[in-house]
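Residues per chain, in single letters:
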Amino acid sequence: MRSTLERPPAHVCAAFGGVADGSERLPDSTAWRCGALVLKPVTDQARTLWTAHALDYVREPGLRVAKPVRSTDGRWIVGGWTASRFLPGTPEHRGDASVLAAVKLHRATAGLPRPEFLDARADIDAVADRVAWEELDVPLEETKGGRWFEVLAGARRPIRLPSQVAHGELLAGLLFDDDDVPGVVDFVPYYRPGEYGAAIVAVDALAWGGAGRELLERWAHLPEWPQLLLRAVLFRLAANALNPRSTQASLDGLRAAAREVSGVL
């Protein structure tokens with residue numbers, strides 16, 4: 001298997017129409033910039049192809065989208081690499097702008113079909129999502145989030161919203177560039193109500209982005225908001241408890257988020 005730190009070959013850059021030499025790895029990433037393109041190594045072909053189609057599908061004037069690029073012969077993947085347009089910007093702690101970006105993204109992706117590969121996912125986050133939505137019951141380490149999960153789980157009530165493709169990691173990959181609209185560079189899909197993606201953004205902003213309960217209250221007009229926030233914080237707590245590499249800092253942030261979410265239930 002290719003190392004995720006390996007530089008993309010010059011012929012791969014050229015196949016996508018990029019600069020054949022002078023590529024540079026993006027900070028804290030396995031992706032490489034080749035001129036106006038970003039190349040990423042492919043670790044899951046089904047998800048890579050789905051993501052390319054999903055980002056190509058999005059048409060939303062309130063978002064910049066790193067549009068996928070086909071090779072000169074029409075392929076999304078060449079030699080184990082995929083390409084997209086480079087978007088300038090960096091992640092920033094902009095809670096309201098990030099929640100609004102999630103609302104706009106999920107409005108734009110409401111027509112996407114359910115990805116077939118979701119059924120085969122068995123990674124920690126996929127398991128945690130099913131646990132949060134009462135589709136799976138697995139033991140959770142009490143000292144790593146399981147106790148908070150147990151306390152909050154009893155407040156779950158049925159949610160009567162249609163399911164659609166929902167982004168489960170938007171905050172971490174949202175790029176801001178001064179006053180330009182936010183940029184979306186990836187898509188981590190789940191099949192839940194669209195507002196669930198916005199709830200995950202809000203919980204992540206509470207846990208690790210310095211946001212407070214006021215953020216939750218400003219978006220209280222979203223349908224089923226308290227229950228979706230509850231599912232989002234349960235999702236993160238379950239993932240933290242299941243992850244052998246989770247840290248005390250991540251748990252401290254989730255405790256803070258859990259307290260604020262419990263206050264709006």
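Note on numbering: residues in each chain are counted from 1, in written sequence order. Two thresholds apply to this predicted model, a pLDDT of at least 70 for residue-level local features and 80 or more for giving and counting side-chain atom pairs, whereas whole-chain, interface and lining totals are computed over all residues. Based on all heavy atoms of the structure, the side-chain values leave hydrogens and waters out of the count.

Student: What is the right way to read the layout of surface pockets from this model?
Tutor: Where empty space is left becomes clear once a probe the size of a water molecule has been rolled over the atoms. Each cavity reported here is a set of points on a 1 Å grid over the protein atoms alone in which a 1.4 Å probe fits but cannot get out, each pocket an open set with protein on both sides within 12 Å along at least five of seven lines, and each lining residue one with an atom within 4 Å of a point. Grid points are joined across faces, edges and corners, and a volume is the space filled by probe spheres set on the points. As a volume, the largest pocket reaches approximately 1,200 Å³. Around the largest pocket, the lining comprises 43 residues; the ones closest to its centre are Ser 29, Ala 31, Lys 40, Val 185 and Asp 186. Put simply, DSSP H or I for four residues or longer makes a helix, DSSP E for two residues or longer makes a strand, and each gets a number counted from the N terminus. Those elements that provide at least two residues to the lining of the largest pocket are strand S3 (37–41), helix H2 (45–57), strand S7 (81–85) and helix H6 (170–173). Taken together, the residues of the lining of the largest pocket sort by class into 22 nonpolar, 12 polar and 9 charged. Charged residues are taken to be Asp, Glu, Lys and Arg, nonpolar residues to be Ala, Val, Leu, Ile, Met, Phe, Trp, Tyr, Cys and Pro, and polar residues to be all remaining types, Gly included.

Student: Teacher, can you tell me more about helix H4 (residues 124–132) here?
Tutor: Residues that lie three or four places apart on an α-helix share one face, since the helix turns once every 3.6 residues. Only protein chains enter the area calculation, which uses a 1.4 Å probe; residues under 20% of their type maximum are buried, those over 50% are exposed, and those in between are partly exposed. For H4, every residue scored as buried is listed here: Ala 126, Val 127, Ala 128, Asp 129, Val 131 and Ala 132. Taken together, the buried residues of H4 touch helix H5 (146–153), strand S11 (189–192), helix H7 (194–208) and helix H9 (225–242). Capping the start of H4 is the job of one residue whose side-chain oxygen sits 3.2 Å from the backbone nitrogen of Asp 125: Asp 123. Two residues qualify as a contact provided that any one of their heavy atoms is within 4.5 Å of a heavy atom in the partner residue. Under the rule applied, a polar contact is a pair of N or O atoms within 3.5 Å (in protein, one hydrogen donor and one hydrogen acceptor; residues adjacent in sequence only if both atoms are side-chain atoms).

Student: Can you walk me through the nonpolar core in this structure?
Tutor: It is characteristic of soluble globular proteins that their nonpolar side chains tend to be buried jointly. Membership of the largest hydrophobic core comes to 63 residues, with the highest contact counts inside it found for Phe 149, Trp 225, Leu 229 and Val 233. Discounting residues that sit within four places of it in the chain, Trp 225 has contacts with Glu 195, Ala 198, Ala 199, Ala 202, Leu 216, Trp 219 and Ala 220. Listed in part, the 12 residues of the second largest apolar core include Leu 39, Val 69, Val 78 and Ala 83. Take the buried Ala, Val, Leu, Ile, Met, Phe, Trp, Tyr and Cys residues and link them wherever side-chain atoms come within 4.5 Å; each set so joined is a nonpolar core.

Student: What's the story with the packing of aromatic side chains in this structure? I'm lost.
Tutor: By convention here, two paired aromatic rings are described through the distance between centres and the angle between planes. Here a pair means two rings of Phe, Tyr or Trp (six-membered ring of Trp) with centres within 6.5 Å. Their orientation is stacked below 30 degrees between planes, edge-to-face above 60, and tilted elsewhere. What the rule picks out here adds up to 5 aromatic pairs. Centre to centre, the rings of Trp 133 and Tyr 196 are 5.2 Å apart; their planes meet at 90°, and the pair counts as edge-to-face. On the criterion of sequence distance, the pair formed by Trp 133 in the loop between H4 and H5 and Tyr 196 in helix H7 is long-range, its members being 63 residues apart. In this structure, Trp 133 and Tyr 196 share a single accessibility class: buried. Between Tyr 190 and Phe 235 the ring centres are 5.5 Å apart and the planes differ by 70°, which places this aromatic pair in the edge-to-face class. Of the two residues, Tyr 190 sits in strand S11 while Phe 235 sits in helix H9, which places them 45 residues apart along the sequence. Members of the aromatic cluster, connected to one another through ring pairs, are Trp 133, Tyr 190, Tyr 196 and Phe 235.

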